[in-house]
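Structural features, examined
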Amino acid sequence: MGYEELFPPYNMEWHAHATKRFANPFVGEKYDRIDVDPVMLSHAAVACGYTIRDFYEKPELGIHCLAYIYQLYDLLPVTHWFYASPWLAELGCKMVQKDTLPPIPDSTPVETLEDVDKLEVPSEEDLRKGTTYPQYQRLYEYVQKHIPQTFVPISYAFDPVGEAAALCGVENFIMWTFTEQEAAHKLLAKFTQTGVNGALCTAKDYGSAMLVVASVLANNDIFSDEAVREYSVKYMREYVDKSFRGGAGPQIFYHCCGNQETAYKEFDNLVWSPFTVIHVGYSGRDVFPTETLVKTFGNRATCMGTVDTKLLINPNPKAVYDQAAKQIVAGRDSPRGFLIGAACECPPYTLPANILAMTQAATDFGTYGKW
Amino acid sequence: MEAKFSANAKDVMSKRGLKEADIADVVNTAEASNRKLFKDGVNLAKKRIGEVTMYAVYDNNGEVQTAYSHRMVLGEPVKTTDEPDLSDWTCKHCNERAVIGSANMSYLGVTRTGPAIVCPKCSDVWIEEYLATMTIAAAEGLFEKKKA
Ligand SMILES: [Zn+2]
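Residues numbered from 1 in each chain as written. Chains lettered and ligands numbered in written order. Predicted model: local features only at pLDDT ≥ 70, side-chain atom pairs only at ≥ 80, totals over all residues. Heavy atoms only, no water.

1. What to know about the confidence of the model for chain B
Detail in the predicted coordinates should be disregarded across regions flagged by low pLDDT. Across chain B, the average pLDDT comes to 96, with 100% of residues at 70 or higher. In the predicted assembly, ipTM is 0.95 and pTM is 0.97. (pLDDT = per-residue confidence, 0-100.)

2. Looking at the coordination of the zinc ion
Residues and elements named next belong to chain B. Those protein atoms acting as donors to the zinc ion are C91 (SG), C94 (SG), C119 (SG) and C122 (SG), and they sit at 2.2 to 2.4 Å. Every donor counted, the four donor atoms about the zinc ion form angles of 103 to 115° at the centre, which fits tetrahedral coordination. You can call C94 buried: its relative accessible area is 14%. (Donors = N, O, S within 2.8 Å, 3.2 Å for Na, K, Ca; no water. Tetrahedral: all angles 85-135°; square planar, octahedral: opposite > 155°, others 65-115°. Buried < 20%, exposed > 50% of the residue type's maximum accessible area, 1.4 Å probe, protein only.)

3. Topic: the side chain of N24 of chain A
Residues and elements named next belong to chain A. As for its placement among the helices and strands, N24 is situated in helix α1 (residues 12-27). Judged by its relative accessible area of 1%, N24 falls in the buried class. Residues contacting N24, with those up to four places away along its chain left out, are E29, K30, Y31, R33 and Y368. (Helix = DSSP H or I, 4+ residues; strand = E, 2+ residues; numbered from the N terminus. Contact = heavy atoms within 4.5 Å.)

4. Things to note about the interface of chain B and chain A
Counting residues at the interface gives 27 residues for chain B and 28 residues for chain A. At the junction of chain B with chain A, the criterion picks out two salt bridges. D85 of chain B is the partner of R237 of chain A in a salt bridge, and the nearest nitrogen-oxygen pair spans 3.5 Å. At the level of secondary structure, the elements contributing two or more residues to the side of chain B that touches chain A comprise β8 (96-107), β9 (110-118) and α3 (129-147) of chain B. (Salt bridge = Lys/Arg side-chain N within 4 Å of Asp/Glu carboxyl O.)

5. Examining the packing of aromatic side chains
Counting across every chain of the model gives 25 aromatic pairs over all chains. Measuring from ring centre to ring centre gives 5.0 Å for F55 of chain A and Y56 of chain A, while their planes differ by 85°; the resulting arrangement is edge-to-face. Classification of Y56 of chain A as buried rests on a relative accessible area of 1%. Clustering of aromatic rings is evident, with ring pairs tying together F55, Y56, W81, F82, Y83, Y136, Y140, F151, Y156, F158 and Y206 of chain A. Lying over the aromatic face of W89 of chain B, K39 of chain B brings its terminal NZ or CZ to 4.4 Å of the ring centre. One Lys or Arg, K46 of chain B, reaches over the ring of W126 of chain B and ends 4.8 Å from the middle of that ring. (Phe/Tyr/Trp six-rings, centres within 6.5 Å; stacked < 30°, edge-to-face > 60°. Lys NZ or Arg CZ within 6 Å of the ring centre and 35° of its normal.)

6. A look at unusual backbone geometry
A cis amide bond, omega 5°, links G249 of chain A with the succeeding residue P250 of chain A. Considering the arrangement of structural elements, one finds P250 of chain A in the loop between α11 (225-245) and β6 (251-259). Residue V39 of chain A is not a glycine yet carries a positive backbone phi of 50°. Its identity is not glycine, yet L108 of chain B carries a phi of approximately 55°, on the positive side. By the element assignment, L108 of chain B lies in the loop between β8 and β9. Residue classification places L108 of chain B among the partly exposed residues on the basis of a relative accessible area of 42%.

7. Focus on the pairing of strand β7 (residues 275-283) of chain A
All names here are of chain A. Across the nine residues that make up β7, a large majority, nine, are buried. Across seven bridges, the pairing between β6 and β7 is parallel. Bridge assignment links Y254 to a residue of β7, and that residue is I278. With three bridges connecting them, β7 and strand β9 (residues 302-307) associate as parallel partners. In the strand pairing of β9, V277 is matched with T302. Note that β7 and strand β8 (residues 286-287) share two bridges and pair antiparallel. Opposite Y282, over in β8, you have V287 as the bridge partner. The hairpin turn running from β7 into β8, its antiparallel successor, is two residues long, and G284 in that turn takes a positive phi close to 60°. (Pairing = 2+ DSSP bridges.)

Below you can see the structure in the form of structure tokens.
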């Protein structure tokens with residue numbers, strides 16, 4: 001039995017409505033309301049009765065759960081499936097599945113400076129014979145066959161600094177940013193080129209490739225603004241620029257998570273495409289203020305405001321509603337459009353009431369023509 | 001300068017539906033107005049003709065090497081950083097090195113920001129071939145789909 005047999009038919013009427021609504025920020029339309037994107041991953045599997053492990057171990061099941069449950073929550077008409085450490089298997093990490101976590105690297109193949117030099121960047125051809133890309137090929141084939149209306153070809157570099165750190169160990173990497181800067185840069189460049197090669201495979205096979213790239217480990221809790229610029233923004237730029245040269249894009253999703261209290265300004269120097277969404281997680285311990293997000297990036301990208309991820313597992317939907325409302329009011333007039341999301345992935349055991357509180361806030365404060 | 005066309009240019013132009021007369025117009029207008037970019041003996045000229053912006057890449061003898069177009073209308077540059085990376089191109093009019101920057105671009109009544117080569121002095125903006133023919137072309141398609 002295929003996973004598609006586990007799900008009732010997809011509601012195409014809802015899909016048409018959600019598709020029209022999802023176009024709003026990108027083409028300046030005002031249909032229905034501001035969209036909600038709680039950055040859902042394994043919660044979709046949990047909501048359908050499966051496990052976190054199922055979501056990551058069986059991507060086809062995971063993405064079908066996501067497509068199905070998005071209808072219940074009235075979210076987006078498109079699907080995605082990913083985990084935060086793509087391409088590490090091809091770079092020598094042993095990836096292991098966990099019961100309560102996405103797959104994580106269980107080894108650090110880069111221990112010494114010599115290892116950095118010896119690390120080989122897998123070519124497009126190598127990636128096609130590796131783990132990460134064929135998994136996406138199988139997944140996208142499933143989506144195109146069973147839920148094609150939700151299909152968007154996406155390629156993930158995710159968090160280059162975090163990935164480079166995973167290859168050599170986080171403490172090691174942070175030490176290198178002080179004592180062995182050349183090695184830190186070399187490792188980042190190698191990871192980035194691997195991500196680029198992955199994006200080029202996707203662009204070649206599917207005609208385009210939305211790029212998802214993040215700055216997560218590089219945040220003000222550990223890094224200075226200069227270090228965020230030098231180690232994170234530089235490689236995010238390089239990833240997008242080189243991927244564009246091979247036909248990837250036009251969509252970009254910039255996920256800047258963690259405490260970006262002052263470093264957020266550095267993201268101004270990213271590459272902007274006509275279909276760019278930027279999302280900044282936190283300022284200190286608080287959610288990133290939408291006013292600042294819109295003031296800084298509103299004239300060059302669609303802004304995604306945030307609700308604190310921690311609130312989503314709190315039995316207090318009113319707190320979610322209030323925070324979402326505040327962020328929506330601050331962002332709803334952003335010139336290139338606005339979405340409301342969670343600061344980071346919505347937790348697997350997010351309470352459905354809290355997602356309802358987000359969409360209710362979007363309806364009450366983000367319905368076009370009502371303000 | 002009379003525009004001539006290399007075999008490659010003819011081939012590419014026929015695939016992209018570009019007419020020799022239009023591309024010759026692009027070259028002539030650039031030469032007459034001194035508005036073009038240049039690098040290592042190669043020139044990049046552009047002109048809005050009808051509903052498209054057409055580009056010619058040609059050498060100093062006027063031989064066109066490649067040509068391309070996009071439908072987006074280019075607007076003003078968007079400043080994003082005090083330290084932009086330099087491009088390989090120089091603005092002929094200003095004799096100033098152009099930078100890798102961002103510019104507003106409009107299509108179907110929608111204005112968004114995209115990557116562009118920008119002259120920091122006269123603020124003229126340009127889209128290189130790989131962007132115009134791939135990412136920007138895909139963006140135009142996406143605008144049409146989302147506007148439908
Ligand atoms: Zn100039």
